[in-house]
Amino acid sequence: MSTEYDLAQLNDFHFFIKEGLSDTLKMISEQFGYVVIYSNDLLLVEEKILNDNKTFLKVFELLKNISGVSIMDTGFAPSSLVYQKHTEQLKVLERIDNNAFGGNVEKSGKVQEQFNKFIEDAVTLGATDIHMSITSDSQAEVYYRVNGVIETTPLIKSQTECFSIIGNCFEWAGAENSTDKNFNKDKKNDTSLHDIPILINGNKSTVEVRVHYRSLTANNKICTFRVLNVNSNILSLDVLGLNEAATKVLGNCMKIASGLIMISGPTGSGKSTLLVSVINNKPKDKVMHTLEDPIETDCPDKLTFQGLQSENPEDDIKEFMRCDLDIGCVAETRTGAQVKSALGLARTGHLMISTLHANDAISQIERLIDMGIKRSELAEKNLIRILTAQRLVPLLCKKCKEQFSDHDIEELSFIGSETSITKLKEHKSDIYKRHEMGCKACNHTGLAGRKMVFEYIVIDEAGRGFIRNDNMTGWVEHLKNHGWKSMADNAWDLLLSGQVDPFIADGIVPDLILDSNKPYIYRG
């Protein structure tokens, strides 16, 4: 007869500990379910194991052979409780196994090495984000975002290894960096990990990883890892993909005495990369202080002082006044109070730079108004100097890209504007798409790096008038008449030169194929 246990009853029990038991427990958990051996001759198992007599007998024999304990009683508990106790037992056993092999067990032990290797493999593949999907099965799926695109064929890992990796993140980070120091698989959690040692092409390096864990249901969990390479080289503006005019405009903006430079885009669009390049273009005799959360790239300039935001970022901006700075940078503006503080500094003879989540350059005006800034303030002379926006578009592998077909155009015609579809038909021979299987040269992704598509708006007297009169549509028309090119215009240049896939680019760059500025033709 099996007894059901709850957490209060299990708290008083002590584990049966024996060297070499951890591998067996891992193997059982991957194949059958979670189990724990207690010192009072109790085998605690998930209820599903008890429901299958064959499975239970296999588990019983495996543990009996290695433990040498004649198990007299079997208990069961909810899966979450068994998993919690199973994880605690594995941690103790792995410490014992490490010491038994004479190794120097550092702070994080074998699990830490496992996590470092997990991140190192992702960096080697060129991944910026990792999505770990854990379901009720014994296996978990790991998806990588490479060149801005999710690879749909997952890497298969065991649930045990994945939960070990996730749990290690929160215990290593500690209470000051995470929502909860002790990992609970049924609670959401966030943390950031700094200075993770990895090898890139045989060279030692460190990365930072942001971790977000979500419990979707009792049996479905997801964990997202964002990898930030703080030691990466700072790319010049032209290398990023900006044309000569945009490079010179941004470079000259860094020499302006006062005002606000705003860089916009969604997550993963290259805002931070562009921001670092812009900062690196500051005059060498200017003092700059930054507020970042976190510091993603170390700037080599000796008069650029990078710092972390405190819990009161508005006060941090005000403290800039005491630092005798020429240029201030708020890596990401999140609140209206931050914007107002930054505008205050811009009015008092300082150049301020910041980033904002907005769809395109001109949309930043509405975002700032939503954050509580008055239209009249935004239209002040010499206050906002320039608005920018960008996207990172995956480039096609030159060796395996495929010619665009009539069928492909037909597929896009259901969402594309008449103008866009006409352009695709006229230039079909110049347009290419991604090869689904890829080739050896591109690691079978069909892609080879990314390029930035960029737009900028210099705020002149005409622009201030359009802001003041709330006429964004008229502003766009005015800009077009004066030679302005949007992100979509610049993306079309890449598309018509066979460098990007229209299907992929349309999902990244606004108003490319599905152009909301043009009439849509309904087909039924």
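Keep in mind that this is a model prediction, so the values were computed, not measured.

A. Looking closely at the sheet that holds strand β16 (residues 351-356). The mixed open sheet is built from seven strands, whose spatial order is β14-β13-β15-β16-β12-β17-β20. Unpaired on one side and paired on the other, β14 (304-308) and β20 (447-458) mark the two borders of the sheet. Neighbour-to-neighbour, the strand axes of the sheet open up by a mean angle of 20°, direction not taken into account.

B. Quick look at the pattern of salt bridges. Applying the stated rule across the entire model yields 18 salt bridges. For the salt bridge of E161 with K157, the shortest nitrogen-to-oxygen distance reads 3.1 Å. Note on K157: relative accessible area 16%, which makes it buried. Taking the shortest distance from any N to any O, the salt bridge between K284 and D301 comes out at 3.9 Å. Here the residue K284 occupies a position in the loop between α10 (271-279) and β13 (288-292), and D301 occupies one in the loop between β13 and β14, the gap between them amounting to 17 residues. If you follow the salt bridges from partner to partner, you end up with K282, K284 and D301 in one network.

C. How the structure looks around unusual backbone geometry. The backbone phi angle of N147 is positive, close to 55°, even though this residue is not glycine. As for its placement among the helices and strands, N147 is situated in the loop between β6 (139-146) and β7 (149-150). The exposure class assigned to N147 is buried, which follows from its relative accessible area of 16%. Non-glycine residue N443 carries a positive phi angle of around 60°. The residue N443 is located in the loop between β19 (432-433) and β20 in this model. The exposure class of N443 is partly exposed, given its relative accessible area of 46%.

Rules of the game
Residues numbered from 1 in each chain as written. Predicted model: local features only at pLDDT ≥ 70, side-chain atom pairs only at ≥ 80, totals over all residues. Heavy atoms only, no water. Pairing = 2+ DSSP bridges. Helix = DSSP H or I, 4+ residues; strand = E, 2+ residues; numbered from the N terminus. Axes fitted to C-alpha atoms, helices over the stretch in contact; angles between N-to-C directions. Salt bridge = Lys/Arg side-chain N within 4 Å of Asp/Glu carboxyl O. Buried < 20%, exposed > 50% of the residue type's maximum accessible area, 1.4 Å probe, protein only.

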